Amino acid sequence: QKEVEQNSGPLSVPEGAIASLNCTYSDRGSQSFFWYRQYSGKSPELIMSIYSNGDKEDGRFTAQLNKASQYVSLLIRDSQPSDSATYLCALGGQAGTALIFGKGTTLSVSS
Amino acid sequence: KAGVTQTPRYLIKTRGQQVTLSCSPISGHRSVSWYQQTPGQGLQFLFEYFSETQRNKGNFPGRFSGRQFSNSRSEMNVSTLELGDSALYLCASSLPGQPNTEAFFGQGTRLTVV
């Protein structure tokens, strides 16, 4: 059974701080890793994808992947109140297989 | 570029009825997946279609079915609705590839069964 674990939170950070979101997974065969942001009442929005070990940066977002330790993380620099949302970690395997989602971490950024 | 379009956005049905939901993928995307989202279970995979063929299916009863048309549009059907089927149903489209390419979600269909 493939599992994705995320701390449900809420994770509370002040505006301008770095928010660190973590995700661990059980399937060593996972090949692709994604972070989605979901605002209340809305659908998930893809914000980062990462396929290789190391860091990938896109604006204020950095995804980090460590396949040996089976974790993937998302750092949000200079957090803004508009970043307050639920962040979903998702894993993919071979083409045609399902994305497996964690339950999500709720982030709250206070101004 | 237009995103993934799901219709209808909201539905209210009574137990025992059936419902059909529609999904139009991003132009050029040939893979369509369906997910059910509930507060308790989170996002759960229903099935995935590529080139009109179901490639993978999640752990849902046979009341849940789907299909894909030659233009990549997809529909899912739920028969004999139960109260527990109340959920947000999400469709995602992607360019098929190895490994999984990025999937983009539509706005979802909020189904309420009463």
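Caption draft 1: Local environment of unusual backbone geometry. The amide bond that connects Gly9 of chain A to the next residue, Pro10 of chain A, takes the cis arrangement and shows omega of 10°. For the bond running from Thr7 of chain B to Pro8 of chain B, omega is -10°, close enough to zero to count as cis. With respect to the helices and strands, Pro8 of chain B occurs in the loop between strand S1 (5-7) and strand S2 (10-13). Even without being glycine, Asp78 of chain A reaches a positive phi, approximately 50°. Residue placement: Asp78 of chain A occurs in the loop between strand S8 (71-76) and strand S9 (85-92). Despite not being glycine, Glu52 of chain B shows a phi value in the positive range, around 70°.

Caption draft 2: Inspection of the interface of chain B and chain A at higher detail. Taken together, the 23 residues of chain B in the interface contact 22 residues of chain A. Buried area between chain B and chain A, both sides added, is near 1,800 Å², and the carbon and sulfur share of it is 53%. Between chain B and chain A we count 0 salt bridges in total. Counting across the interface, chain B meets chain A through 6 residue pairs in polar contact (both at pLDDT 80 or more). Elements represented by at least two residues in the side of chain B that touches chain A include exactly strand S4 (31-38), strand S5 (42-50), strand S6 (53-57), strand S9 (87-94) and strand S10 (104-105) of chain B.

Caption draft 3: Quick peek at the packing of aromatic side chains. Inspection of the entire model under this criterion finds 10 aromatic pairs over all chains. Here the aromatic rings of Tyr36 of chain A and Phe105 of chain B are separated by 5.4 Å at their centres, their planes lie at 80°, and the arrangement is edge-to-face. One end of the pair, Tyr36 of chain A, is in strand S4 (residues 32-38); the other, Phe105 of chain B, is in strand S10, on a second chain. Judged by its relative accessible area of 10%, Phe105 of chain B is buried. Here Arg60 of chain A stacks its cationic end above the ring of Phe61 of chain A, 5.5 Å away from the centre of that ring.

Cut-offs and rules
Numbers given for residues are sequential positions, taken from 1 along each chain in its written order. Throughout, the order in which chains and ligands are written sets their labels, letters from A for the former and numbers from 1 for the latter. In keeping with the model being predicted, local features are shown solely for residues with a pLDDT of at least 70 and side-chain atom pairs are shown and tallied solely at 80 or more, while totals for entire chains, interfaces and linings include all residues. Side-chain measures here rest on the full set of heavy atoms in the structure, leaving out hydrogens and waters. Under the scheme used here, helices are H or I runs from DSSP no shorter than 4 residues and strands are E runs no shorter than 2 residues, and both carry numbers assigned from the N terminus. In this description, contact between two residues means that some pair of their heavy atoms is separated by no more than 4.5 Å. Buried area, as used here, totals the accessible surface that two parts lose on assembly, with accessibility defined by a 1.4 Å probe and the loss added over both. Salt bridge, as applied in this entry: a Lys or Arg side-chain nitrogen positioned within 4 Å of an Asp or Glu carboxyl oxygen. A 3.5 Å cut-off defines polar contacts: any pair of N or O atoms within that distance qualifies, except that in protein one atom must be a possible hydrogen donor and the other a possible acceptor, and neighbouring residues in sequence count only when both atoms are side-chain atoms. Working definition: a ring pair exists when centres of Phe, Tyr or Trp rings (six-membered ring for Trp) sit within 6.5 Å. Plane angles under 30 degrees give stacked, over 60 give edge-to-face, the rest tilted. The buried label applies to any residue whose accessible area, calculated with a 1.4 Å probe on protein chains only, is under 20% of its type's maximum; exposed applies above 50%, and partly exposed to all values in between. Ring-over charges, as used throughout, are those where CZ of Arg or NZ of Lys falls within 6 Å of the ring centre and within 35 degrees of the ring normal.

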